[in-house]
Amino acid sequence: MSARNLLLMGQCMPCVKANASKIRIRRMELDKNLNMYFKKDEFLFAHDPQKVCKTGDVVLIRELPERLTRLITHKVEKVVYPLGDITDPITGKSVVVGKYRDQIEEANRMFGKSEKAFDYSKAPPRGRLEGTKDFTHGETYIKYHDDGKDQPFAV
Amino acid sequence: MNITPILRTGLYLANRPVVRQYAFKSDLKIKWVRPEKIPSIHPEKSGDCSKLSAVNPKELMLGFEKSKELETADAAVKSLFELGNNPYVNTTRYHSEQLIKEVQRHPLDYGSMEAKLARMTVFIRRYQQHMEEHPRDKKRKVILKEMIEKRKKFLKYLRRWDYRRFEWILEKLDLVYKPPPAEFHWITRKESLQKLTDIHCEKLRQEKLDEYRKTLEEQQIPFLEDAIKKMQFIRQEQIDLGIPVTVTEEDIEQNKKKLAELKAFREETKAAARKSN
C-alpha cells in the first residue's frame, strides 16, 4: 500500500475534518453481466493543512509513504482546475462554458459595457460569502430536529 | 435422542437478563421536536432574503418615461399612464427592468445568465407576494415552485461555470444558495432520536476526554519540578561518592527550559481565556 508514490486526480468534496480534504476518485467499472461500464466512486482523505483546495476543485493527490492518521493516506499535490475558473490548457486563456472570457469582454465592450456589470479585475477571490450566502463548502442535510438554534446547513 | 443441548439452551434463556432487541426504548431524557414544515415556495426555502420594494405610484409606465408629449400633457391624461392607475403587471415589468439594469452586461443584454436570474427573481418575489394574498391559488403555486427550482438549477450551473460571477450575483440579488442534500429521506421519530443519541454520546465522550486531559495537564508542572529536583540530587550524590556521573548538567538545563516554556504557555492560555470571557 505504502511508498508507491502514486498520483491520483480527483474532485474535492465538502469535508468537516480540520486539516484534511475529502477527495472523490471516480473510475469506471465494468459490469461483466451487462457488459457495460458504471461509475464507481472512491473517497480518499488528503492532508491539506492550508486548505488549498475548495469544494469542487479538481486536484492531484499523492500517496504518503506512511499513513498520517487512520483516515489520511494522501496529501494534496496541486489544484489543477479550480471550480468555476477554468483555463483552456491549449491556449492558456480563461474559459466560460463555450467562450473565451476575453471574447465575452470584447462583445460587452462593443455593445457598451454597463458600469454596474460584473468585472473580473475588481472581483475578489472565491470564498468571501462562505457561511453567509453560499453554503456549498459544507454538506447540507434535511432538518430533523428543531432545537431553537440556527442551523445553517439544514435544508 | 440427546436432549441435553436443548435443556442447556432452555436454562440459558431462563437465566439470561431480559434484553429486548425489538421495540427498544432508550431511557435517556432526549427531547425531540419535529421541525415545522416550511412550504417550498416560502422565501426562507427559496433563498430570497429581500422582498420587492414599494414603487412610487406616480411613476410612469415602462416605455412612457421619455415621452415628450406626456411632459406637456394635461395632468388627467398623464395620470392614465401612471403605475398606480394601471394593472399590476406594469409594476412587475417596471421592477424587472430595474433589477435587470443592475446586473446586465450591456444595455441590450437580456439573455445572459445574470439577466435571466434577475428576471426570474422578480417573477418569484411577485408570485410569493401573490401567494400570501391568495393562499389557495394552486395553479400559480405550481408555476412559482417550478420557477424557484429552475432558478436554483441556473445558479448551480453558474457556480460551475464562473464562481466569482456566481458570488457577485448572489450579493446583487440578495439570494442564499444551499446545495441539495445528498439523499432524500422522510423525517421519522426513530431516526431523529438515533441521530440525537449519537450526538449526545459524542458529547459525553468528548467531556470525559477533556476532563482526563485536564487532570494530566495539572500533573505536568509538578512532575517536571520534581524531576529537576531529583536529577540535581542524583547528580550531587554521584559526584560526592565518586561514581560515574550519569546525569549531565545539560539534561537538567533542558528540563528547566521545558518547564519555563510550559509555564509561559499556561500563562498565555489563561490570559487568552480571561480576555475571551
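Residues numbered from 1 in each chain as written. Chains lettered and ligands numbered in written order. Predicted model: local features only at pLDDT ≥ 70, side-chain atom pairs only at ≥ 80, totals over all residues. Heavy atoms only, no water.

Draft legend 1. Broad picture of the layout of surface pockets. In this structure, the largest pocket occupies an estimated 1600 Å³ of space. Lining the largest pocket we find 44 residues, and of these Ala154 and Val155 of chain A together with Ile38, Glu44 and Lys45 of chain B sit closest to its centre. Within the residue set of the lining of the largest pocket, elements represented by two or more residues are α2 (43–46) and α7 (138–161) of chain B. Per-class residue counts for the lining of the largest pocket are 20 nonpolar, six polar and 18 charged. Of the volumes computed, that of the second largest pocket is approximately 1100 Å³. Counting residues per element, the ones that place at least two in the lining of the second largest pocket are β1 (7–13), β2 (20–31) and β3 (36–47) of chain A together with α7 of chain B. (1 Å grid on protein atoms, 1.4 Å probe; cavity = no way out; pocket = protein on both sides within 12 Å on 5 of 7 lines; lining within 4 Å. Points joined across faces, edges and corners; volume = space filled by probe spheres on them. Helix = DSSP H or I, 4+ residues; strand = E, 2+ residues; numbered from the N terminus. Nonpolar A, V, L, I, M, F, W, Y, C, P; charged D, E, K, R; others polar.)

Draft legend 2. Representation of the nonpolar core within the structure. All names here are of chain B. Judged by nonpolar contacts, the single largest core of 34 residues is most densely connected at Leu117, Leu144, Leu155, Phe166, Ile169, Leu170 and Leu173. Secondary structure elements with two or more residues in this core: α5 (88–103), α6 (113–133), α7 and α8 (163–173). Considering every element that reaches this core, the biggest residue donor is α6, with nine residues. In this structure Leu144 touches Ile41, Ile124, Tyr127, Gln128 and Met131, once residues within four positions along its chain are discounted. (Core = buried A, V, L, I, M, F, W, Y, C linked by side-chain atoms within 4.5 Å. Buried < 20%, exposed > 50% of the residue type's maximum accessible area, 1.4 Å probe, protein only. Contact = heavy atoms within 4.5 Å.)

Draft legend 3. Quick look at the sheet that holds β1 of chain A. Residue and element names in this part refer to chain A. Strand order in the closed barrel made by the five strands is β1-β2-β3-β5-β4, with mixed pairing throughout. Shown here is a sheet whose adjacent strand axes are inclined to one another by a mean of 50 degrees, direction ignored. Bridge count for β3 against strand β5 (residues 72–81) is three bridges, and the pairing is parallel. Across the sheet, the residue bridging to Phe45 is Ile72, located in β5. (Pairing = 2+ DSSP bridges. Axes fitted to C-alpha atoms, helices over the stretch in contact; angles between N-to-C directions.)

Draft legend 4. Local environment of the side chain of Thr140 of chain A. Mapping Thr140 of chain A onto the fold places it in the segment after α1 (101–111). A polar side-chain atom of Thr140 of chain A sits 2.8 Å from the main-chain carbonyl oxygen of Pro179 of chain B. The contact partners of Thr140 of chain A, leaving out residues within four places of it in the chain, are Phe135, Phe153 and Val155 of chain A together with Lys178, Pro179, Pro180, Pro181 and Ala182 of chain B. (Polar contact = N/O pair within 3.5 Å; in protein donor to acceptor, adjacent residues only side chain to side chain.)

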